[in-house]
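# Notes for the structure review
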Amino acid sequence: MVGTARLSNPDQSVGQDGQAEHMIARDFTQNAHEYVLFESGSLQVTAPAYQAAIGDLVTRIQATGRVINIRSPLERAYANQISANRHAALLQFNITGNINDSATTVVPVLAAVQAAAAAHPQIQIGETGDASVTKAVNDTVIRDLRRAEALSFPITLVVLLIAFGAVVAALLPLGLATMAILAATGLAAFTSHLSGATEQASAVMLLIGLAVGVDYSMFYVKRQREERAAGRPVLDSIEVAAATSGRSVLISGLTVLAAMSGMFLTGSKIFYGMGVAAMLVVACAVIGSLTLLPALLALLGDRVNRGQIPYISRLRRPAGQSRIWTAILDRVLARPALTACLAAGVLVALALPLFHLQTALPGYSDLPQNTPAVQVHNRIQQIFPGGPAPALVVVEAPDVTAPQVVAAGRAFERAALASGQMYQPITFIANPAHTALIIQVPLAGNGDNAASDHALATLRDKVVPTTLGQVPGVRVDVGGETASTVDYNTLLGQRTGWVFAFVLLLAFVILLISFRSLVIPTMSVALNLLSVGAAYGVVVALFQWGWGQSLLNFTSAHSVASWLPLFMFVVLFGLSMDYHVFILSRIRENYDRAHDTDRAVVRGIETSAGVITAAAIIMVFVFLTFETMSMVQLKEMGVGLAVAVLLDATIVRALLLPATMKLLGPRNWYLPRWLQWLPRVSQSAPPPPPPARQPPKQPVTV
């Protein structure tokens, strides 16, 4: 009801770029900047038909009442907006109103440009810029999210039907996950007024909510049905499920929340928004699993098994009778050292591309390249290098029209062009109070490559200090697309180590207290780092190196989205704990009964194999639905998470975990004397269910 407050552009920026964005927000009315490219293979700008097309378009966009600050290439002051061969020209203007509403405001302007293009077929006319690209992105994201939802829910339901063999039991996890997503969406709208929401928040809540919501409730329902089948009364079976699977859900949820809270150490409000969204949906899933789900199971009783699917229900086997998992475990435990070495070797090999990781903030290369606004942007980049994504040099002074400042501005332009790394058109825009100035400077490169980074360094370290920086009382900061990527990568380079250390330490402490073992959390952290590193390597190979371009239908930008590695780490480290805690809890439960580690490993993995396999399949397919999205950063997120879960549920949980625990033996449960003071939060193994009593024989009455 309160609506969602989006994170403003200045708040999304960091470093000097963030300072420049805040200066712009303080001194200027923030209007979206738009470009219209005119191009002809035969006519030059001086041709009457060419000039008529420009004049007609100016008249049409003025008639919409949605444009201001028109800068026409036909005016002498903006002659630098004509290409060197005089066959192309650039028209610049701003969209009226707040920049956050520009995607809607620009619609009649886009229609006017299309009408002008149709009226002058001899001239190619196209529009791009902040508003038109934002509109294209919004349309694309909404369409893609709807498609992902349309694919995710049916896939999840099919897997659940196969896993449970009953309609009612299958609908419970899906219904709980859906309610968690809806509840978190409402809460996120409320919290957005405190920290602002990011464009990735909806995708994050859908992915994480469906994954953990289904997982947690699957663990609970599966254990309750298992205990009921063993002969326990309904309420007793729910109590056992609460004491075992419910406890695993709580530990797993706390670990996921702890991992995701690491995003608050990044210093970036983009991560704050994603962290809040992810934590809210996980918290809702945990609370629902521990309260609503057992209440529903108590109400339903044995009706939870209604809607039996005949063929599938006949194929289902009781817990611990999976021939496939038994065969795998027999071979793993027969040669644990060899298995551990081979599995670890595969993960290390997959992780090797990680050492060549290059990151950049998602820009135009992240968008579908068949989008008209993106195509126009790319064409402008070819004709006017750096033109559509210039550096923004923001100047604050008591009076930017003072002779000393004007002279420094001219010297700045000469020095910029003399560097050979900056080009025309260099545009000066002053605010009405003449207290601030924006200088748009096209840079070499495509905006996020080494040439652009070098040009930005030259601008910041040489051109600005020797010209505008020499004027007393003047403040100068440099922002823009390239500056945003450089400053963001610098910040993450400073904070990533702290985030990793915080997440690993907190997860270690939670597992240490939960299992009262020093070895278990150490092994868990090591195994999770291996699976996350392997997922990183696959993402680098597929998206940065471009090995997956034809398969995944995208154009590689030869980099990975800046936010993705850290986001993947905290999310994957949290999600992998779902399986890990669930399996370890079953192993510890069996160990507490017989104090035989080998038997506990076998029984623990066999009894949890079915639900773990089903949960992993659901996660992989849900994450892979994001591969169908048009934005490359969302493809990277979906594929990266899917690969990580697949590796985690197969190589790590099926091979490395049992092999490692077999090698360690009783040392798995080692706790030094100086840690014996830790509280005992573990639940002792529930007693076996009483044998079902046969009803007494009744006398036969003749």
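Further up the page is the structure itself.
Being a predicted model, the structure only gives us computed values, none of them experimental. (Residues numbered from 1 in each chain as written. Predicted model: local features only at pLDDT ≥ 70, side-chain atom pairs only at ≥ 80, totals over all residues. Heavy atoms only, no water.)

### Considering helix α6 (residues 130-164)
Look at α6: 49 Å from first C-alpha to last across 35 residues, which is about the 51 Å you get at 1.5 Å a residue. Two residues or fewer past α6, Gly 165 is found with a positive phi of approximately 70 degrees. (Helix = DSSP H or I, 4+ residues; strand = E, 2+ residues; numbered from the N terminus. Expected span 1.5 Å × (residues − 1).)

### Comments concerning the environment of Met 637
Summarising the element assignment, Met 637 is placed in helix α23 (residues 632-664). Along the sequence, Met 637 and Phe 355 sit 282 residues apart, while their C-alpha atoms lie 19 Å from each other. In this structure Met 637 touches Ala 203, Leu 207, Trp 563, Leu 564, Phe 567 and Phe 626, once residues within four positions along its chain are discounted. (Contact = heavy atoms within 4.5 Å.)

### A look at the sheet that holds strand β3 (residues 88-95)
Strand order in the open sheet formed by four strands is β2-β3-β1-β4, and the pairing between neighbours is antiparallel. Looking at strand neighbours, the two that pair on one side only are β2 (67-71) and β4 (124-129), the edges of this open sheet. Across this sheet, the average inter-strand angle for adjacent strands is 25 degrees, counted without regard to direction. Note that strand β1 (residues 33-39) and β3 share seven bridges and pair antiparallel. (Pairing = 2+ DSSP bridges. Axes fitted to C-alpha atoms, helices over the stretch in contact; angles between N-to-C directions.)

### Focus: the environment of Asp 130
For Asp 130, the location among the structural elements is in helix α6. The class for Asp 130 is partly exposed, based on a relative accessible area of 34%. Once the C-alpha coordinates of Asp 130 and Ala 103 are considered, the two residues, 27 residues apart in sequence, prove to be 8.3 Å apart. Beyond its immediate chain neighbours, meaning those up to four positions away, Asp 130 contacts Ala 32, His 33 and Glu 34. (Buried < 20%, exposed > 50% of the residue type's maximum accessible area, 1.4 Å probe, protein only.)

### Observations concerning the packing of α6 against helix α7 (residues 167-195)
Put simply, α6 and α7 touch, their axes get as near as 8 Å, and they point 140 degrees apart. On the basis of their axis angle, the class for α6 and α7 is oblique. Judged by the sense of rotation from one axis to the other, the crossing of α6 with α7 is right-handed. Facing α6, whose interface residues are Phe 153, Thr 156, Leu 157, Leu 160, Leu 161 and Phe 164, α7 presents Val 167, Ala 169, Ala 170, Leu 171, Pro 173, Leu 174 and Thr 178. Across the contact of α6 with α7, the residue classes tally to eleven nonpolar, two polar and no charged. (Parallel < 35°, antiparallel > 145°, perpendicular 65-115°, else oblique. Left-handed = near helix turned anticlockwise from the far one by under 90°. Nonpolar A, V, L, I, M, F, W, Y, C, P; charged D, E, K, R; others polar.)

### Describing the side chain of Glu 627
Mapping Glu 627 onto the fold places it in the loop between α22 (597-624) and α23. Setting aside residues up to four positions removed in sequence, Glu 627 forms contacts with Leu 551, Leu 552, Lys 635 and Val 639.

### Points about the sheet that holds strand β8 (residues 436-441)
In space, the four strands of this open sheet follow the order β7-β8-β6-β9, with antiparallel pairing throughout. Every other strand in the sheet has two partners, leaving β7 (427-430) and β9 (475-480) as the edge strands with one partner each. Shown here is a sheet whose adjacent strand axes are inclined to one another by a mean of 20 degrees, direction ignored. Bridge analysis of strand β6 (residues 391-396) against β8 gives six bridges, and the strand direction is antiparallel. Paired with Leu 392 across the strands is Gln 440, a residue of β8.

### Details of a nonpolar patch on the surface
Taken together, the side chains of Met 179, Leu 292, Leu 296 and Leu 299 define a hydrophobic patch exposed on the protein surface, amounting to about 360 Å² of accessible area. If one sorts the elements of the nonpolar patch by residue count, helix α11 (residues 292-300) sits on top with three residues. Within the secondary structure, Met 179 is located in helix α7. (Patch = residues over 30% accessible without salt bridge, like charges linked within 9 Å, V, L, I, M, F, W, Y side chains within 5 Å. Areas by Shrake-Rupley, 256 points an atom, 1.4 Å probe, with all protein chains shown as cover. Salt bridge = Lys/Arg side-chain N within 4 Å of Asp/Glu carboxyl O.)

### Quick notes on the packing of aromatic side chains
Summed over all chains, the structure comprises eight aromatic pairs. Ring geometry for Phe 219 against Phe 582: centres 4.1 Å apart, planes inclined by 10 degrees, an arrangement best described as stacked. Here Phe 219, found in helix α8 (residues 201-229), pairs with Phe 582, found in helix α21 (residues 564-594); they are 363 residues apart in sequence, far enough to count as distant. Among the residues examined, Phe 219 registers a relative accessible area of 2% and is labelled buried. Looking at Phe 582, the relative accessible area reads 1%, which means it is buried. For the ring pair Trp 545 and Trp 547, a centre distance of 5.3 Å and an interplane angle of 55 degrees mean the geometry is tilted. Of the residues examined, Trp 545 reaches a relative accessible area of 34% and is grouped as partly exposed. Against the face of Phe 515 rests Arg 247, its NZ or CZ located 5.9 Å from the ring centre. (Phe/Tyr/Trp six-rings, centres within 6.5 Å; stacked < 30°, edge-to-face > 60°. Lys NZ or Arg CZ within 6 Å of the ring centre and 35° of its normal.)

### Thoughts on empty space enclosed by the protein
Using a probe with the size of a water molecule, rolled over the atoms, empty space left in the structure can be pinpointed. Tallied over the full model, the rule gives eight cavities of 30 Å³ or more. Quantified by volume, the second largest cavity comes out at close to 130 Å³. Mapped by element, the contributors of at least two residues to the lining of the second largest cavity are β10 (560-561) and α23. For the lining of the second largest cavity, the class distribution of residues is nine nonpolar, six polar and three charged. (1 Å grid on protein atoms, 1.4 Å probe; cavity = no way out; pocket = protein on both sides within 12 Å on 5 of 7 lines; lining within 4 Å. Points joined across faces, edges and corners; volume = space filled by probe spheres on them.)

### Remarks on the nonpolar core
Of all hydrophobic cores here, the largest spans 154 residues; its most connected members are Phe 623, Phe 626 and Met 637. Those residues in contact with Phe 626 that sit more than four places away from it in its chain are Leu 145, Ala 148, Ala 203, Leu 206, Leu 207, Leu 634, Lys 635, Met 637 and Gly 638. Within the second largest apolar cluster, 28 residues are counted, among which are Ile 54, Val 106, Leu 110 and Val 113. (Core = buried A, V, L, I, M, F, W, Y, C linked by side-chain atoms within 4.5 Å.)

### Some details on the packing of helix α9 (residues 234-261) against helix α18 (residues 481-515)
Contact geometry for α9 and α18: axes closest at 8 Å, N-to-C directions at 160 degrees. Taken together, α9 and α18 sit at an angle that is classed as roughly antiparallel. Taken as a pair, α9 and α18 cross one another with a handedness that is right-handed. Within the contact between the two elements, α9 uses Arg 247, Ile 251, Leu 254, Thr 255, Ala 258, Ala 259 and Ser 261 and α18 uses Phe 502, Val 503, Leu 506, Ala 507, Ile 510 and Ser 514.

### Considerations on helix α13 (residues 323-334)
The end-to-end C-alpha distance of α13 is 16 Å, a good match for the 16 Å that twelve residues give at a rise of 1.5 Å each. Restricting attention to buried positions, one finds in α13 the residues Trp 325, Leu 329, Val 332 and Leu 333. Taken down its axis, α13 places every buried residue within 90 degrees of arc, on the same side. The exposed residues of α13 that point more than 90 degrees off its buried face are Arg 323, Ile 324, Arg 331 and Ala 334. Buried residues along α13 sit against α14 (336-351), α22 and α23. (Arc of directions from axis to C-beta.)

### A look at the environment of Ala 203
Within the fold, Ala 203 resides in helix α8. Taking the C-alpha atoms as reference, Ala 203 lies 9.1 Å from Val 141; in sequence the two are 62 residues apart. In contact with Ala 203, other than residues within four places in its own chain, are Leu 145, Phe 626, Leu 634 and Met 637.

Everything listed here is a matter of coordinates, which is why it stays silent on function.
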